[in-house]
Amino acid sequence: MSGLVIYCSRYGSTQEYAEALAKSMKWEAISYKNVSAKALKDTEAVVLASNVRIGKMGITKLAKRYRNMISSKCKALIVVGGTERDKQDYYLDIAKKNLSFLGLKDEQIFGLGGRQKMAGMKGMDSFLFKIMDKMIKDSPGKTEMMQEVDYVDIQHIEPIVAYLKK
Ligand SMILES: Cc1cc2nc3c(=O)[nH]c(=O)nc-3n(C[C@H](O)[C@H](O)[C@H](O)COP(=O)(O)O)c2cc1C
């Protein structure tokens, strides 16, 4: 079966996961910026992989645009955030808030830990981060959210590979 892993990544974690998954599946990894209707038509399977920014998944706009083509072929959705991988409820909630129109089952949604470093932040991100810091002052998830973290572990794609090969 031919497949595309379509990713949206700003700092590279989601791209690393997408490329490793594509390699294991002998599929192709492609940035959402380079996706065409033809590529979606020609492929048999799609996996979406997206970063999370302030609760929003960057791939949502593309998924909406090609909603019909993607929902019939989408085998799995990968959500990458600065939140630990064992917080799957958090990732599930994010996926549902952003991409419920794809009609995916819970078992098709995989949350993976990304990396978050203030020093490497581009453009408006460090500013946004400071705003977030103020906005979520008393929230229980705050401490974790504002930490510099590196949760990237490429081995965590293995359950996804196993699921796709099932
Ligand atoms: C401005 C900003 C907002 C973020 N918001 C969230 C968030 O709401 N939830 C979360 O889990 N991680 C959040 N993160 C962390 C990123 O999702 C994390 O760094 C992820 O690895 C980014 O993926 P990428 O490396 O593919 O760009 C945020 C990061 C930035 C810079």
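Our subject is the structure listed above.
Note that this is a predicted model, so its numbers are computed, not measured.

Once that is clear, we can look at the pairing of strand E2 (residues 28–31). Alignment of strand E1 (residues 3–8) against E2, held across 4 bridges, turns out to be parallel. In the strand pairing of E2, Ile-6 is matched with Ile-30. Traced from E1 through helix H1 (residues 13–25) to E2, the parallel crossover comes out right-handed.

What follows covers the side chain of Asn-98. Checked against the element boundaries, Asn-98 lands in helix H5 (residues 88–99). A polar side-chain atom of Asn-98 sits 3.0 Å from the main-chain carbonyl oxygen of Gly-55. Reaching out from Asn-98, the side chain makes a polar contact with the backbone oxygen of Ile-94 at a distance of 2.9 Å. Contact partners of Asn-98, with chain neighbours within four places excluded, come to Gly-55, Lys-56, Met-57 and Thr-60.

Here the focus is the nonpolar core. The biggest cluster of nonpolar side chains holds 27 residues, and the ones touching the most others in it are Ile-6, Leu-48, Ile-70, Leu-77, Val-79 and Leu-99. With 5 residues, the top contributor of residues to this core is H5. Excluding residues within four positions of it along the chain, Leu-77 makes contact with Leu-48, Met-57, Ala-95, Leu-99, Leu-104, Gln-108, Ile-109 and Phe-110. If you look at the next biggest cluster of nonpolar residues, it comprises 23 residues, including Val-5, Tyr-17, Leu-21 and Val-161.

Further remarks concern the pattern of salt bridges. Counted by the stated rule, this structure contains 8 salt bridges. Linking Asp-125 and Arg-53 is a salt bridge whose minimum nitrogen-to-oxygen distance equals 2.6 Å. Of this pair, Asp-125 sits in helix H6 (residues 125–135) while Arg-53 sits in strand E3 (residues 45–53), placing them 72 residues apart in sequence. By relative accessible area, which is 5% here, Asp-125 ends up buried. On the accessibility criterion, Arg-53 (31% relative accessible area) is partly exposed. The salt bridge involving Glu-84 is made with Lys-87; its shortest N-O contact spans 3.4 Å. When salt bridges with common partners are traced through the structure, they connect Arg-10, Arg-53 and Asp-125 into a single cluster.

Turning our attention to the packing of aromatic side chains. For the coordinates displayed, the defined rule picks out 2 aromatic pairs. Between Tyr-90 and Tyr-91, the aromatic rings sit 5.5 Å apart at their centres with planes inclined by 75 degrees, giving edge-to-face as the arrangement. Tyr-91 gets classed as buried once you look at its relative accessible area, which sits at 0%.

A few words now on the site of the ligand. Around the ligand, the structure places 25 residues, and the nearest of them are Ser-9, Ser-13, Thr-14, Arg-115 and Gln-116. Taking Tyr-11, its main chain carries an N or O atom lying 2.7 Å from an oxygen atom of the ligand. Within the backbone of Ile-54, an N or O atom sits 2.7 Å from a nitrogen atom of the ligand. Here the ligand, which alone exposes 630 Å², has 98% of that area covered by the protein.

So, on to the packing of H1 against helix H8 (residues 158–165). Between H1 and H8, the least distance of the axes is 10 Å, while the angle of their chain directions is 40 degrees. Compared by their axis directions, H1 and H8 come out oblique. The element H1 and its partner H8 pack so that their crossing is right-handed. Contacts between H1 and H8 involve Leu-21, Ser-24 and Met-25 from the first element and Ile-160, Val-161, Leu-164 and Lys-165 from the second. Residue classes in the contact of H1 with H8 are distributed as 5 nonpolar, 1 polar and 1 charged.

Thresholds applied
Residues numbered from 1 in each chain as written. Predicted model: local features only at pLDDT ≥ 70, side-chain atom pairs only at ≥ 80, totals over all residues. Heavy atoms only, no water. Pairing = 2+ DSSP bridges. Helix = DSSP H or I, 4+ residues; strand = E, 2+ residues; numbered from the N terminus. Right-handed = clockwise from strand over helix to strand, strands pointing away. Polar contact = N/O pair within 3.5 Å; in protein donor to acceptor, adjacent residues only side chain to side chain. Contact = heavy atoms within 4.5 Å. Core = buried A, V, L, I, M, F, W, Y, C linked by side-chain atoms within 4.5 Å. Buried < 20%, exposed > 50% of the residue type's maximum accessible area, 1.4 Å probe, protein only. Salt bridge = Lys/Arg side-chain N within 4 Å of Asp/Glu carboxyl O. Phe/Tyr/Trp six-rings, centres within 6.5 Å; stacked < 30°, edge-to-face > 60°. Near = heavy atom within 4 Å. Areas by Shrake-Rupley, 256 points an atom, 1.4 Å probe, with all protein chains shown as cover. Axes fitted to C-alpha atoms, helices over the stretch in contact; angles between N-to-C directions. Parallel < 35°, antiparallel > 145°, perpendicular 65-115°, else oblique. Left-handed = near helix turned anticlockwise from the far one by under 90°. Nonpolar A, V, L, I, M, F, W, Y, C, P; charged D, E, K, R; others polar.

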